[in-house]
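Coordinate analysis (summary)
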Amino acid sequence: MDVHTGVTLRANVAARLERLPMTRYQRSLFGIIATAWFFDSMDLGIMTFVLGSIKAEFALTTTQAGLLASSSFLGMFLGAAIAGMLADKFGRKPVFQWSMIFWGVGSLACGFATDVTWLMIFRVVLGFGMGMEFPIGLSMVSEIVPAKSRGKYVAILEGFWPLGFIAAGILAYLTLPLIGWRGIFIALSIPAVFVFIVRRYVPESPRWLEEVGRDAEADAVTTNIEKNVIKANGGKPLPTPAPAINELPRKQDKRALFAELWHGVYAKRTVMLWALWFFALLGYYGLTTWLGALLQQAGYEVTKSVMYTVYISLAGIPGFIFSAWLLEKWGRKPTCVLMLIGSACAAYLYGQVATAQAPVAQLIGAGLCMQFFLFGMWSVLYAYTPELYPTRSRATGSGFASSVGRLGSLLGPFAVGVILPMTGHTGVFTLGAISFGIAALVVIVMGTETKGRSLEEVSG
């Protein structure tokens, strides 16, 4: 093995990773990260199914219920911003593990909340952990999977969100009458022990190691990945690495990570991503957090509202699969625009039929269409964002984009609680449609394409 130092090592680590075939080894690493993501999404999504029950138990007004629904997003706002900077400074793996501890403890505490104030506080803690995990998981997958498969796998990673959302709905349907919303929160804290699997099997990102000058460790981790890929590939020798893949010289790496988001080409990308995340998440969480409660308010029973929400969420599975395929066939930018415009139209349509008078088939049909585009939109957001920044600031850039999005998440459910008494269902879903439309316009005007390009090419 050659001794790699300085720029040569940096080029070789990237080139060595990019020329690897996808095998069960990389897929197993992806599976571990995706499983943690799945449990995380269950904890976040469960509020959609238990908000109505909590609202009834504590006799909350719609405004108070909106504040409760928004509380976890305050934690996510803080967690996403802080975790991104920590991960670029101390590594992806340790921050990812701490995120799981925070959401596990937060979920457990929610089950023992004595009043709505404490429940809000514990939801902030839970949200802090979830906010930490999302940008770090993105960065880890982006830096392990080669460019030819990166978009697909990051999109599939996001597909674990609708799966977790659906699983949360099924869990609520089966157990809410038996153990109540408190028991559900306690049960959802148990998967946090999965942190020990992450600690044992997932390596630190070799791209990050070489970026911070830990050259020997970067080489060792990359070599170990290569050995596992060869073993998983039936002992076939690896192809020769391509010519050097370089980012900007290391001498520029000392720039403050946050400041780099506003330097050169990254400034336009940052503005685009922040606006995209803010309006997309304002629309998404403003609608989905309230889906079950809105159906209950329209006259549907608790169990029926939960099952109807689960039914329409099933469309998220083909939605993210289609989006994952389209990302590589068509590109990130056009797929993003399509999913956002589709979300806007479908949300407006759903708002016209989501009443007690609407036939159930019509309600389910409109909901299926809406969730198809909404979850397809998520796949693009998570695949696109980490590709637009260099390794040294990828987690910071992804973290702050996600964090700004959480401001939209925070505002969305609260805004629904305020405008619902004045405008009814139609106004709520019109607000969501407008938000998605603005996000699509931002991408059309400012977006750039990254399909098929290595991370180093995009940011070099």
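This section reports on the structure supplied with the text. (Residues numbered from 1 in each chain as written. Predicted model: local features only at pLDDT ≥ 70, side-chain atom pairs only at ≥ 80, totals over all residues. Heavy atoms only, no water.)

Observations regarding the side chain of Asp40
Test applied: Secondary structure elements are defined from DSSP: runs of H or I of at least 4 residues count as helices, runs of E of at least 2 residues count as strands, and each element is numbered from the N terminus. Accessibility here uses a 1.4 Å probe with only protein chains present; expressed as a share of the type maximum, an area under 20% marks a residue as buried, one over 50% as exposed, and anything in between as partly exposed. Any two residues whose heavy atoms approach within 4.5 Å at even a single point are treated as in contact.
Along the polypeptide, Asp40 turns up in helix H2 (residues 24-57). For Asp40, a relative accessible area of 0% corresponds to the buried category. Once residues lying within four places of it in the same chain are set aside, the contact partners of Asp40 are Trp103, Gly129, Met130, Glu133 and Phe134.

Focus on the pattern of salt bridges
As a reminder of what qualifies: Each reported salt bridge corresponds to a side-chain nitrogen of Lys or Arg within 4 Å of a carboxyl oxygen of Asp or Glu.
Inspection of every chain in the model, using the stated rule, returns ten salt bridges. Notably, a salt bridge pairs Arg182 with Glu57, separated by 3.5 Å at the nearest N-O pair. Remark: Glu57 occurs in helix H2 and Arg182 occurs in helix H6 (residues 147-189); sequence separation between them is 125 residues. When the shortest N-O distance is used, the salt bridge between Arg214 and Glu217 registers 2.8 Å. By relative accessible area, Glu217 is classed as partly exposed at 38%. Linked by salt bridges that have partners in common, Arg16, Arg19, Asp219 and Glu226 make up one network.

Side note on the packing of aromatic side chains
To be explicit about the condition: Think of it this way: a Phe, Tyr or Trp ring, Trp meaning its six-membered ring, pairs with another when their centres are within 6.5 Å, and the plane angle makes it stacked under 30 degrees, edge-to-face over 60, tilted otherwise. Placement of a positive charge over a ring is assigned whenever Lys NZ or Arg CZ falls within 6 Å of the ring centre and within 35 degrees of the normal to the ring plane.
One pass over the full model with this rule turns up 25 aromatic pairs. Residues Phe30 and Phe160 carry aromatic rings whose centres are separated by 6.4 Å and whose planes lie at 75° to one another, so their mutual orientation is edge-to-face. On the criterion of sequence distance, the pair formed by Phe30 in helix H2 and Phe160 in helix H6 is long-range, its members being 130 residues apart. When the centroid spacing of 5.0 Å and the interplanar angle of 70° are considered together, the rings of Phe102 and Phe128 count as edge-to-face. Placement of Phe102 in helix H4 (residues 92-110) and of Phe128 in helix H5 (residues 116-144) is noted, with a sequence separation of 26 residues between them. For Phe128, a relative accessible area of 19% corresponds to the buried category. Linked through ring pairs, Phe49, Phe73, Phe165, Trp277, Tyr284, Tyr285, Phe375 and Trp378 together constitute an aromatic cluster. The ring of Phe90 is capped by Lys89, whose NZ or CZ atom sits 5.7 Å from the centre of that ring.

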